Structures are given as C-alpha cells and as structure tokens.
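# Understanding the architecture of this molecule
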Amino acid sequence: EVQLVESGGGLVQPGGSLRLSCAASGFPFSPYWMHWVRQVPGKGLLWVSLIDNDGTNTDYADSVKGRFTISRDNAKNTVILQMNSLRVEDTAVYYCARQTSSSFGRAFDIWGQGTMVTVSS
Amino acid sequence: DIQMTQSPSSLSASLGDRVIITCRTSQSISNFLNWYQQKPGKAPKLLIYAASSLHSGVPSRFSGSGSGTDFTLTISSLQPEDFATYYCQQSYSTPRTFGQGTKVEI
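In what follows, the accompanying structure is described. Counting starts from 1 at the beginning of each chain's written sequence and moves along it residue by residue. Chains carry letters and ligands carry numbers; both start at the beginning, A for chains and 1 for ligands, and go up in the order they are written. Given that the model is predicted, a residue must reach a pLDDT of at least 70 before its local features are reported, and side-chain atom pairs must reach 80 or more before they are shown or counted; all residues, however, enter totals for whole chains, interfaces and linings. Working from all heavy atoms in the structure, the side-chain values ignore hydrogens and water.

### Details of the overall build of chain A
Under the DSSP-based scheme used, a helix requires at least four consecutive residues in state H or I and a strand at least two consecutive residues in state E, with every element numbered from the N terminus. When its secondary structure is counted, chain A shows zero helices and 11 strands. We compute the radius of gyration from the C-alpha atoms alone; for a globule the expected value is 2.2 Å times N to the 0.38, where N is the number of residues. Its C-alpha radius of gyration of 14 Å places chain A within 12% of the 14 Å reference for a compact globule of 121 residues. Seen through its C-alpha atoms, chain A measures out along the principal axes to roughly 45 × 30 × 25 Å. Here the analysis covers contacts within chain A between residues at least 6 apart in sequence; of these, 53% occur between residues at least 24 apart. Per-residue and other accessible areas were derived by the Shrake-Rupley procedure at a 1.4 Å probe size, with only the shown protein chains allowed to occlude residues. Counting every atom, chain A has about 5400 Å² of accessible surface; 49% of that belongs to carbon and sulfur. Think of it this way: Lys and Arg go in the positive column, Asp and Glu in the negative one, and His and the chain ends go nowhere. Where a charge lies is defined by one atom per residue type: Lys uses NZ, Arg uses CZ, Asp uses CG and Glu uses CD. For chain A, the distance from the average position of its 10 positive side-chain charges to the average position of its 10 negative side-chain charges is 4 Å. In what follows, residue pairs with any heavy atoms lying within 4.5 Å of each other are defined as contacts.

Next up, the structure:
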C-alpha cells in the first residue's frame, strides 16, 4: 500500500523545538519531491516547505523561513521537518505530501494522516 | 507570491445538484492548478490535476476546466459523499498557495 505516515507531533512550549518525521512506503521514494503542509484546525491549508528528490533544493514559506529545516534520507524513505523557535501561531496539523511530476501537474497525490503540533505555555 | 481567490466560501446544495466552484489566480499559471477534497478530520485528497485531468479513482462527475488565471471545479450531480470542503492550489511556483476553501453543505 502506498502511504505516508507522520510522527513526532505533540505539545511544546513557545521557543521550543520539535522534529517531525514522515515515513514513506509502498513506492520508490527517491524520485519524488516531498512537501509539508499545515492546517490550523477549522482553517485552510498552508504550504510550509518542499524538498526535491535528492535533497539538493529546498524552499520554505516566509512564516517559517529561518526556523524550520526540511531534510530527507532516501535510504530510510523518510522526510524530516525540524522545527525550532516554535511560536503559538505554528500550532496546526502538519501533513507531508508527495508531489507528482510536471507531466502530472506537480500535484500532491499522496498525503499522510497528519500529526498535531501544539505550541502553548 | 501568487494569490488565490476561491469562491464561494460556502454553498448549500441538494443531492443531484450541479455545483460549480471557481478559483482565480493573481497571475497566469498556465494549467498548474489542482483541486482537492477534504472531509473533517481527514487529509486532503487529490481530485483534479493540471486543471482538467481526473486523478485515478475519482468519479467522473468531477471535472475541472480553465487555464491562465480562471479555473472551475464542477460536480455534475452531487452525491452524499461529496459534502466536504474543496481547495484549489497552484503548483506553478513556490509558495504553493491554496485557495481559502469552499465548504459544500446540504
């Protein structure tokens, strides 16, 4: 079965750090670009970060730039989101998602179930 | 950044109705426009990619059209399982912005 499974969410104090993991299975991981998207419960979707297939290129939303770092381990079929200097406004469900090729619109065709991050004192 | 304007933000419809949701972008994105469906407590699911291509396994009552800056998602005959929130997303450039969502209610 093709799937993505996130882990690592939880409760953290403002200024703290969390490390989210996304484990891929059921498909060849290394060819795919991967993304993180977050969603405040009851609100819309917000793109957070991307990493290309070999980890050479990354990009971030302005709201997380300089605080979050995306990385991947193709040997372990895993993508990581290291979140530092967390703020209350980072509270959200975090999803990882697989991107299709340009021939298929660079859409997000596979999503994980999400992991909740709560930043609160 | 490319701004997404999705409308309406919500709509009420009945079973069998034809539903149209629109998405406008602040600059031309060719056909790099995707549509997702999300139900409460669940991850989004891809419906339409590249503006008009139906993702595998998605019922044919869903269709997409448009190019440039104006796009539509059409549900030809609303079914009970279609009550959900729908999002457009541009994949032309980063940040990969989403529309604000359209909640389809009974």
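Moving on, there is more to tell.
### Looking at the sheet that holds strand 5 (residues 45-49) of chain B
All names here are of chain B. Pairing between two strands is assigned when DSSP locates at least 2 bridges connecting them. Pairing is mixed in the open sheet, where six strands are placed in the order 2-10-9-4-5-6. What marks the edges here is a single partner per strand, and that holds for strand 2 (10-12) and strand 6 (53-54). Of the strand pairs in this sheet, strand 4 (residues 33-38) and strand 9 (residues 85-90) are connected by six bridges, and their pairing is antiparallel. When the sheet's bridge partners are listed, Asn34 is paired in strand 9 with Gln89.

### Focus: the state of the cysteines
Residue and element names in this part refer to chain A. Note on terminology: pairs of cysteine sulfur atoms within 2.5 Å are recorded as disulfides. Counted by the stated rule, this structure contains two disulfides over all chains. Residue pairing for Cys22: its cysteine sulfur links by disulfide to Cys96, the two sulfurs lying 2.0 Å apart. Given an S-S torsion of about 60°, the disulfide between Cys22 and Cys96 has right-handed geometry. In this pair, Cys22 sits in strand 3 (residues 18-25) while Cys96 sits in strand 9 (residues 92-99), placing the two residues 74 residues apart along the sequence.

### Looking at the sheet that holds strand 7 (residues 62-67) of chain B
All names here are of chain B. Here four strands make up an open sheet; going across it, the order is 1-3-8-7 and the pairing antiparallel. Edge positions in the sheet fall to strand 1 (4-7) and strand 7, since each has one partner strand and no second. Ignoring strand direction, the axes of neighbouring strands in this sheet form an average angle of 15°. As defined by bridge partners, strand 7 adjoins strand 8 (residues 70-75) across six bridges and the pair is classed as antiparallel. Within strand 8, the position partnered with Ser63 by the bridge is Thr74. Note on method: axes are straight lines fitted to C-alpha atoms, helices fitted across the in-contact stretch only, with angles between N-to-C directions ranging 0 to 180 degrees.

### Looking at the pattern of salt bridges
Just to be clear on terms, a salt bridge is a Lys or Arg side-chain nitrogen sitting within 4 Å of an Asp or Glu carboxyl oxygen. For the structure shown, the criterion picks out eight salt bridges over all chains. In this structure, A:Asp90 and A:Arg67 form a salt bridge, with 2.7 Å as the shortest nitrogen-oxygen distance. Taken as a pair, A:Asp90 in the loop between strand 8 (78-83) and strand 9 and A:Arg67 in the loop between strand 6 (58-60) and strand 7 (68-73) lie far apart in primary sequence, 23 residues in all. Pair check on accessibility: A:Asp90 and A:Arg67 agree, each one buried. With a shortest N-O distance of 2.8 Å, B:Arg61 and B:Asp82 are connected by a salt bridge. On the criterion of sequence distance, the pair formed by B:Arg61 in the loop between strand 6 and strand 7 and B:Asp82 in the loop between strand 8 and strand 9 is long-range, its members being 21 residues apart. The residues B:Arg61 and B:Asp82 share a single accessibility class, namely buried. When salt bridges that share partners are traced, they join A:Arg38, A:Arg67 and A:Asp90 into one network. Burial status follows relative accessibility: with a 1.4 Å probe on protein chains alone, a residue under 20% of its type maximum counts as buried, one over 50% as exposed, and anything between as partly exposed.

The analysis is restricted to geometry; functional conclusions fall outside its scope.
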